[in-house]
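# Summary of the model geometry
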Amino acid sequence: MRDSHHHNGCRRSDHPGIDRRELLHAGALTLLGTGLGDLLKLEALAGTSAKSAPAKSVIFIFQSGGPSQHETFDPKPEAPEVVRGEYSSIATVNPELRVCEYLPKLAQRANLYSIVRTMYHPSDRQFRNEHSAAMYMVNTGYNSLPPGENTNSIAIQRSRPLEWPSIGSMISYAVPPSRGCGLPPVIEVPRTRISSGESITPGTAPGMLGPKYTRWRVHLAPPCHAPDAAGSCPNCFSHDQPDDPDRQPGKLPKSWYDNSSCRNPDFVLPDLGMGQGAVVERVENRAALLASLDQMRRNLDSYNSVQKYDAYQRQALELIVSQRGKRNPFDLTQETPEMRDQYGREEWGQALLVARRLVESGVRMVQVNLRGWDTHQNAFRDLKGKLLPSLDRCLSGFLDDMHVRGLLSETLIVMCGEMGRTPKISPIAVGGINAAGVPFTPGRHHWGDVFPCLFAGGGVTPGLAIGKTDREGGLPVTEGYTPADMAATIFSQMGIGHDEEFPDIDGRPFRIYQGSPIASVL
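Just so you know, these numbers come straight off a predicted model, no measurement behind them. (Residues numbered from 1 in each chain as written. Predicted model: local features only at pLDDT ≥ 70, side-chain atom pairs only at ≥ 80, totals over all residues. Heavy atoms only, no water.)

## Description of the confidence of the model for the protein
Quick reminder of the rule: Per-residue confidence from the prediction method is given by pLDDT, with values spanning 0 to 100. Between two residues, a contact is recorded if the distance between any of their heavy atoms is within 4.5 Å.
Scored by pLDDT, the protein comes out at a mean of 84, with 78% of its residues at no less than 70. In this model, residues 274-284 is a region of pLDDT below 50 whose contacts with residues beyond four sequence positions or in other chains number 29 contacts.

## Looking at the side chain of Glu-163
Going by this rule: Going along the chain from the N terminus, every DSSP run of H or I of four or more residues is numbered as a helix, and every run of E of two or more is numbered as a strand. Burial classes follow relative accessibility: with a 1.4 Å probe on protein chains only, a residue under 20% of its type's maximum area counts as buried, one over 50% as exposed, and anything between as partly exposed.
By secondary structure assignment, the location of Glu-163 is in the loop between helix 6 (131-140) and helix 7 (167-174). Owing to a relative accessible area of 13%, Glu-163 belongs among the buried residues under this scheme. If we ignore the near neighbours within four places in the chain, the residues touching Glu-163 are Tyr-136, Pro-146, Arg-158, Ala-205, Gly-207 and Met-208.

## Notes on helix 11 (residues 347-360)
Keep this limit in mind: By this rule, a helix spans an expected 1.5 Å times one less than how many residues it contains.
Spanning 14 residues, helix 11 covers 20 Å between terminal C-alpha atoms, matching the ideal 20 Å at 1.5 Å per step. Helix 11 sits mainly inside the fold: 13 of its 14 residues count as buried. Trailing helix 11 by a residue or two, Gly-362 shows a phi angle of about 105°, which is positive.

## Comments concerning the packing of aromatic side chains
Let me state the cut-off plainly: Each Phe, Tyr or Trp ring, with Trp reduced to its six-membered ring, pairs with another whose centre is within 6.5 Å; inter-plane angles below 30 degrees give stacked pairs, above 60 give edge-to-face pairs, and intermediate values give tilted ones.
Under the defined criterion, the tally for this structure stands at 12 aromatic pairs. With a centroid separation of 6.3 Å and 65° between ring planes, the pair formed by Phe-73 and Tyr-113 is classed as edge-to-face. Of the two residues, Phe-73 is situated in the loop between strand 1 (57-63) and helix 3 (81-84) and Tyr-113 in strand 4 (residues 113-119); the sequence distance between them amounts to 40 residues. When sorted by exposure, Phe-73 lands in the same class as Tyr-113, which is buried. Judged by centre distance (5.2 Å) and plane angle (80°), the ring pair of Trp-256 and Tyr-257 falls under edge-to-face. An identical accessibility class is assigned to Trp-256 and Tyr-257; each is buried. Grouped by ring-pair contacts, the aromatic residues Tyr-87, Tyr-102 and Phe-380 constitute a single cluster.

## As for the sheet that holds strand 13 (residues 451-456)
To keep it simple, the criterion reads: What makes two strands pair is DSSP finding at least two bridges between them. Every axis corresponds to a line fitted to the C-alpha atoms, with the helix fit spanning only the stretch in contact, and the corresponding angles, defined between N-to-C directions, vary from 0 to 180 degrees.
Taken in spatial order, the 8 strands of this open sheet run 6-5-9-1-10-13-4-14, and their pairing is mixed. The open sheet has two edge strands, strand 6 (216-217) and strand 14 (465-466), and neither has a second partner. Packed on one face of the sheet, helix 6 meets strand 1, strand 9 (365-370), strand 10 (411-417) and strand 13 and runs near 170° to strand 1. Sheet contacts for helix 13 (residues 483-493): strand 1, strand 4, strand 10 and strand 13; angle to strand 10, the most-contacted strand, approximately 170°.

## A closer look at the packing of helix 11 against helix 12 (residues 379-404)
Stated formally: Note on angle classes: values under 35 degrees are labelled roughly parallel, values over 145 roughly antiparallel, values of 65 to 115 roughly perpendicular, and the remainder oblique. The handedness criterion is simple: a crossing whose near helix is rotated anticlockwise from the far helix by less than a right angle is left-handed, and one whose near helix is rotated clockwise is right-handed. Here the nonpolar group is Ala, Val, Leu, Ile, Met, Phe, Trp, Tyr, Cys and Pro; Asp, Glu, Lys and Arg are the charged ones; every other residue, Gly included, is treated as polar.
Here helix 11 crosses helix 12 at 25°, and the two axes come no closer than 9 Å. Comparing their axes, helix 12 and helix 11 come out roughly parallel. The two elements helix 11 and helix 12 meet at a crossing, and its hand is right-handed. For the pair helix 11 and helix 12, contact is made by Trp-348, Gly-349, Leu-352 and Arg-356 and by Leu-387, Ser-390, Leu-391, Cys-394, Leu-395, Phe-398, Asp-401 and Met-402, respectively. Taken together, the residues of the contact of helix 11 with helix 12 break down into 8 nonpolar, 2 polar and 2 charged.

## Details of the pairing of strand 7 (residues 229-232)
The sheet contact formed by strand 7 and strand 8 (residues 235-238) spans 4 bridges and is antiparallel. The residue of strand 8 that forms the bridge with Ala-230 is Phe-237. What sits between strand 7 and strand 8 in their antiparallel hairpin is a turn of 2 residues.

## Re the pattern of salt bridges
What counts here: What makes a salt bridge here is a side-chain nitrogen of Lys or Arg within 4 Å of a carboxyl oxygen of Asp or Glu, nothing more.
If you walk through the whole model with that rule in mind, you get 27 salt bridges. Of the charged contacts in the structure, one is a salt bridge between Arg-393 and Glu-346, with a shortest N-O distance of 2.6 Å. Of this pair, Arg-393 sits in helix 12 while Glu-346 sits in the loop between helix 10 (337-343) and helix 11, and the two are 47 residues apart along the sequence. Accessibility expressed as a relative area gives 5% for Glu-346, which makes it buried. Measuring nitrogen to oxygen at the nearest pair gives 3.0 Å for the salt bridge that ties Asp-374 to Arg-421.

## Quick notes on the side chain of Glu-418
Put simply, the test is: In summary, the charge assignment counts Lys and Arg as positive and Asp and Glu as negative, without counting His or the chain termini. Here a polar contact means two N or O atoms within 3.5 Å. Within protein one must be a hydrogen donor candidate and the other an acceptor candidate, and residues neighboring in sequence count only if both atoms are side-chain atoms.
Along the polypeptide, Glu-418 turns up in the loop between strand 10 and strand 11 (420-421). We note that Glu-418 is buried and unpaired, the nearest opposite charge coming from Arg-421 at a distance of 6.3 Å. A polar contact is formed between the side chain of Glu-418 and the backbone nitrogen of Gly-65, at a distance of 3.0 Å. Discounting residues that sit within four places of it in the chain, Glu-418 has contacts with Phe-62, Gln-63, Ser-64, Gly-65, Gly-66, His-121, His-131, Ala-134, Met-135, Val-138 and Phe-451.

## Some details on the packing of helix 7 against helix 13
In contact at an axis separation of 11 Å, helix 7 and helix 13 are set at 25° when each is read in the N-to-C sense. Classified by the angle between their axes, helix 7 and helix 13 sit roughly parallel to one another. Considering only the axes of helix 7 and helix 13, their crossing is right-handed. Of the residues in helix 13, those in contact with Ile-167, Met-170 and Ile-171 of helix 7 are Met-486, Ala-487, Ile-490 and Phe-491. In the contact of helix 7 with helix 13, the residues fall into 7 nonpolar, no polar and no charged.

Okay, here's the thing in structure tokens:
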């Protein structure tokens, strides 16, 4: 019987306030035996057919910070204002689903997706209500941290004796690469580090599977200079931003910070990690490619142990470098202006457009990071003015395009954050001030007891509203589903059998499935 235990209440103590060498050592583009060359070898051995499955690829849209269930897909219009919040709800084409009034385009497209409203973390409150631990569990599909880890230690990038592999790494292991793809099986865009810090999102490493199954983290977006950056550039912002017009970002004398140099949403083409002069568009021909390989060979500290590049490794790099023009999935100038407008000419829309182009190229999993959902303060200002309009515009354009192209039927789309938000609205610290020196305004805080998850395409039954929460939107009153169940749903639709195992780097077997597929959405 599924564990349905949940804890009530929320205490103040619950809310405490890749460089090139790393990529080449562990990433999918290294030429030292664990990268694209290996994928091509596996492909040659596997033959032409992948496993029969409803989905050929998965796009995982990760709302970093934890979006509020009340202000997205589980509003409570009949609740008191301290629970209901400032927004109204609107009907969708699904009579059982109402959504926030600031998601009108998604309301019109509720026949293209289903919402599971009763996701939850079964782990202890100290884990389910903190970002790093909750991110780790959602990104790995495990309902607990490895033994001995806590929410602080799990955020540190270090070698561990026992570390769960990410969902993407397990897909990379279990699903043969698409024939002729020439790209890593799992790619993460457009900003690949959490917030403005230097930490990779917890749970996205290959863990016990080893570096061979590391995803390619592609930082496409230009630098962002906003403190505590959030949202979709150029519609980006900081939750600390004052409500004083004289202190708006820019070059004004009283501006809180100067953002005049970073309001540029245009993506750059990825650096292949080969050093100076090796960005894709600079490698124009075979001679330049070979020169870059020679330079790379001279620069790599570990090259002494490498005798030569084999044919598969050279072919892998050539496939990447040769993807110029319409063959380059990262080059959005090849899309029509109308299509780019449909997705939205901002960071999130461009990232989703890149994701579509990557799955068209045969990539098995793309993770798209949407930053800024940690709405402790200025929640209703920022959700209404920034986060929700961007999500509504970009996700709607993406779903429409995938549907029209026939890609939705063969691509599983999953979107969620690492947690939800508290049922009741309050300041995070009464009488406290934020980084701009302004008193904290009300918002919602960390809440792992319930959060929504969107599923679309890839064999999912669309147009459903699955699960119900209590009157305050704080606890499931029908069956709840865990990160392990979400991961099992992804594995099931990708054709990974429920009995399949993976070996750690020492050959010990571990089960891929830690939960059960969410049958009601399939």
